[in-house]
Every structure is written in structure tokens, then in C-alpha cells.
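Observations on the model geometry
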Amino acid sequence: MNPVALITGASRGIGRGIALELAQLGYDLVVNYARDTAAAGQTAKDCAAAGRKGANIRAEVCQADISVSADRKRLVDFAEATFGRIDLLVNNAGVAPTTRADLLDASEESFDRLININVKGPYFLTQLVAQWMIRGVKNGSDTALTTTSVHRPKIVTISSVSAYTASVNRGEYCVAKAALSMLTPLYATRLAGHGINVYEIRPGIIATDMTGPVKEKYDRLIADGLTPIQRWGTPEDVAKAVGAIALDLLPFSTGEVINVDGGFHLRRL
Ligand code: NAP
């Protein structure tokens, strides 16, 4: 039986890259998205084709706005009805402010939007999925505590270097990502006794639609040495880190932050 992953925001960008990587590793997938139905359908189609020969990957699409409680419930119900199990939750969906506004001018409306999508959504989706994973661990023999396998349930959250880097033209994004970074130590602590490991992946500057509008600025910064590894990151870079977790290559690590940022986080002199 293929392991199953639910990836939020898998229609485009980093989430799509993670979906393709997991399909190659033999995972069945729930491809979540908010608005771009065509992109989500394309990801699912590409995942089904990307599966290893004979692996017979199933990738099913489910629209749900993760900031909305009823949608989160519908998403989990969909995964349960479609696959009956879950082995990996990837909290990836997230948004940047619609307009980058100075800290002294930015609106409460934008703050609420980012907190709702980037923090409240993954926080309570994780709660729902964790409850289901615990039920699965209790009921299923292949998810027993001592098993080292892809079937041992895991949770991964995609945060950002913005969790600790001050950008005064998108303060609400930084605050949201800093808050999101508390999700992993909390759930890692609470779920360890159930055999569920929890990880944070902290990407740096990754080439996606989100960074499209600031491409030239980041081109310059990277050329000027912002990151020791002097290039843009790609969705595949982030996906490889998720893949290592999905393969259960970090069985004695939980609550860990994995930086996928070309060394951005290193203090240098
Ligand atoms: P992206 O290209 O803009 O894609 C965002 C994805 O999230 C899309 O699939 C989108 O669905 C989905 N989404 C947005 N709001 C949603 C909601 N309310 N409910 C469900 N899905 C929703 O962004 P990305 O660059 O891949 O970013 C993915 C994650 O990585 C985000 O959490 C972001 O903060 C983080 N990150 C990105 C970078 C970077 O440099 N790009 C760096 C660090 C961290 P639709 O297609 O339907 O709109």
C-alpha cells in the first residue's frame, strides 16, 4: 500500500515541487489548493505521471481555503474518504502581503489575512490531522511506535527565513512566520509519545510566483553575496528536504528546523 501525503498549496511553486518529489518516492497525494483549479489539476496529472514505473500513484485534488475551519474539516474528510489513511502532512500553503507596505503604514486587514492563512490555518489543520494520525497509530499495525518506515506518520511545516529576518516592508509576513515557527516545537513535544515526528523546513529565497514581483531586487542581492551558495533556491531544493523526511531518514530527530536557504542563516564576518 502506498503511503499517503496531504500537501497544502500544492497547485504551484514549492508545494507543487514537493508533490512531484513525493510522487517519485511512491506516495499517493492529496493536492490541496485555494483558487487555481487548472494548476492543481496539472500538478495531480504530473504527479501521476512522475511516479516510479509500476508504482501506480494516485493524486487527487481538493480545493479548500486553509484559513476557513469548515474547509479544513472538508479537506481532512476528503483525504479520509479517498485514501483512508495519512502518513505525511505538509503544511506548505502560505501567502505574502498583497502589497508590500511600510511597517508604519501597513493595514490590520493585511495582518489578519496573513495570520489567518499562514498561522491559524496550519495550526488547526495540524490539530485535526494529528488527531486522525493518533487514531491510525492506535489501530494500524504498520504505524506501530517502533516501526521505522515511510508509514510512520510525520508532519512537516514550511516556514521561512522571515521567521527571524526583519523586512520592514512586509512586517505581517515576518510576524506570521515567526509565530508559525512555534508550531513545530509544540506539536513535536505533544506527538512524540505517539511516534509522530514533526519538522520545520525554513526556505530562503526560492524562485516561485511569490518572489516573481521582486526578482530583480533578489537577483542583485544574490549577486552581491547575500547567500554563501550564490544562486536562487528552487522548489526542488525544498522538496528534497521533505523527501528525506518522507523516507524516514531522520527517525531520532523531531522538532528540528532544516534550513534550505543556501546558507543565508549563517552569521559571517
Ligand atoms: P506560491 O507560488 O504563491 O504558491 C502558493 C500556494 O499556496 C498555491 O498553491 C496556492 O493555491 C496556495 N494557497 C494560498 N492561499 C491558500 C489558502 N488560503 N488555502 C489553501 N491554499 C492556499 O508560493 P510559494 O513560494 O510556493 O510558497 C509556498 C510556501 O513557502 C509559503 O508558505 C511561503 O510563505 C513559503 N516560502 C516561500 C519562499 C519563497 O521564496 N518563494 C521562501 C520561504 C518560504 P492557488 O494556486 O489556488 O492560489
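Check the entry above for the structure.
Observations regarding the overall build of the protein chain
The secondary structure content of the protein chain amounts to eight helices and seven strands. Relative to a compact globule of 269 residues, whose C-alpha radius of gyration would be 18 Å, the protein chain shows 18 Å and is just as compact. C-alpha extents for the protein chain along the principal axes are approximately 55 × 40 × 35 Å. Among the 269 residues that make up the protein chain, the fraction classed as buried is 50%. In the protein chain, once contacts between residues fewer than 6 apart in sequence are set aside, the share between residues at least 24 apart is 75%.

Re the site of the ligand
With respect to spatial proximity, 32 residues lie near the ligand, and among them S11, R35, N92, Y173 and T208 are the closest. Within the backbone of D36, a nitrogen or oxygen atom sits 2.8 Å from an oxygen atom of the ligand. When the ligand is considered free in solution it has 910 Å² of accessible area, and contact with the protein chains removes 96% of it. Residue assignment for the shell around the ligand shows that the elements contributing at least two residues are α1 (13-24), β2 (28-33) and α5 (171-180). For the shell around the ligand, the class distribution of residues is 15 nonpolar, eleven polar and six charged.

Structural notes on the pattern of salt bridges
Evaluated as defined, the whole model comprises 13 salt bridges. A salt bridge links D77 to K73; its shortest N-O distance comes to 2.8 Å. Of the two residues, D77 and K73 both sit in helix α3 (residues 69-83), four residues apart, roughly one turn of that helix. Classification of K73 by relative accessible area gives partly exposed; the value is 45%. Notably, a salt bridge pairs D248 with R152, separated by 3.2 Å at the nearest N-O pair. Residue D248 is located in the loop between α8 (235-246) and β7 (256-260), and its partner R152 is located in the loop between α4 (108-139) and β5 (154-158); the two are separated by 96 residues in the primary sequence. Assessed through its relative accessible area of 6%, D248 is described here as buried. One connected set of salt bridges, linked through shared partners, spans R12, D36 and D209.

Some details on the packing of aromatic side chains
Applying the stated rule across the entire model yields four aromatic pairs. Note on Y123 and Y187: the rings are 6.0 Å apart at their centroids and 65° apart in plane angle, and the pair reads as edge-to-face. You can see Y123 sitting in helix α4 and its partner Y187 sitting in helix α6 (residues 183-191), a full 64 residues away along the chain. A relative accessible area of 32% means that Y123 is categorised as partly exposed. Aromatic side chains Y164 and F264 sit 6.5 Å apart centroid to centroid with 45° between the ring planes, which places their arrangement in the tilted category. Of the two residues, Y164 is situated in the loop between β5 and α5 and F264 in the segment after β7; the sequence distance between them amounts to 100 residues. For Y164, a relative accessible area of 39% puts it in the partly exposed group. Connected via pairs of aromatic rings, a cluster forms that spans Y123, F124 and Y187.

Observations concerning the side chain of R85
With respect to the helices and strands, R85 occurs in the loop between α3 and β4 (88-91). Only 2.7 Å separates the side chain of R85 from the side chain of D87, close enough to count as a polar contact.

About the criteria used
All residue numbers here refer to positions counted from 1 along the written sequence of the relevant chain. Local features in this predicted model are restricted to residues of pLDDT 70 or higher, and side-chain atom pairs are both shown and tallied only at a pLDDT of 80 or more, whereas totals for entire chains, interfaces and linings draw on every residue. Neither water nor hydrogens contribute to the side-chain values; these are computed over all heavy atoms in the structure. Only DSSP runs of H or I with at least four residues qualify as helices, and only runs of E with at least two residues qualify as strands; both kinds are numbered from the N terminus onward. The globule rule is 2.2 Å times the number of residues to the power 0.38, and the radius of gyration it is compared with is taken over C-alpha atoms. When accessible area is computed with a 1.4 Å probe and restricted to protein chains, residues below 20% of their type maximum are described as buried, those above 50% as exposed, and intermediate ones as partly exposed. Any two residues whose heavy atoms approach within 4.5 Å at even a single point are treated as in contact. Near is defined per residue: the residue qualifies when any heavy atom it owns lies within 4 Å of the molecule or strand. In the analysis that follows, any N or O atom pair within 3.5 Å is treated as a polar contact, provided that within protein one partner can donate a hydrogen and the other can accept it, and provided that, for residues neighboring in sequence, both atoms belong to side chains. Using a 1.4 Å probe, the Shrake-Rupley method yields the accessible areas, and only the shown protein chains count as cover for residues. Residues were grouped as follows: Ala, Val, Leu, Ile, Met, Phe, Trp, Tyr, Cys and Pro as nonpolar; Asp, Glu, Lys and Arg as charged; and all remaining residues, including Gly, as polar. The term salt bridge refers to a pairing of a side-chain nitrogen on Lys or Arg with a carboxyl oxygen on Asp or Glu at a separation within 4 Å. Classification of ring pairs uses Phe, Tyr and Trp, with its six-membered ring standing for Trp, and accepts pairs whose centres are within 6.5 Å; under 30 degrees between planes counts as stacked, over 60 as edge-to-face, and the remaining range as tilted.

Function cannot be read off these values alone, since they describe shape.
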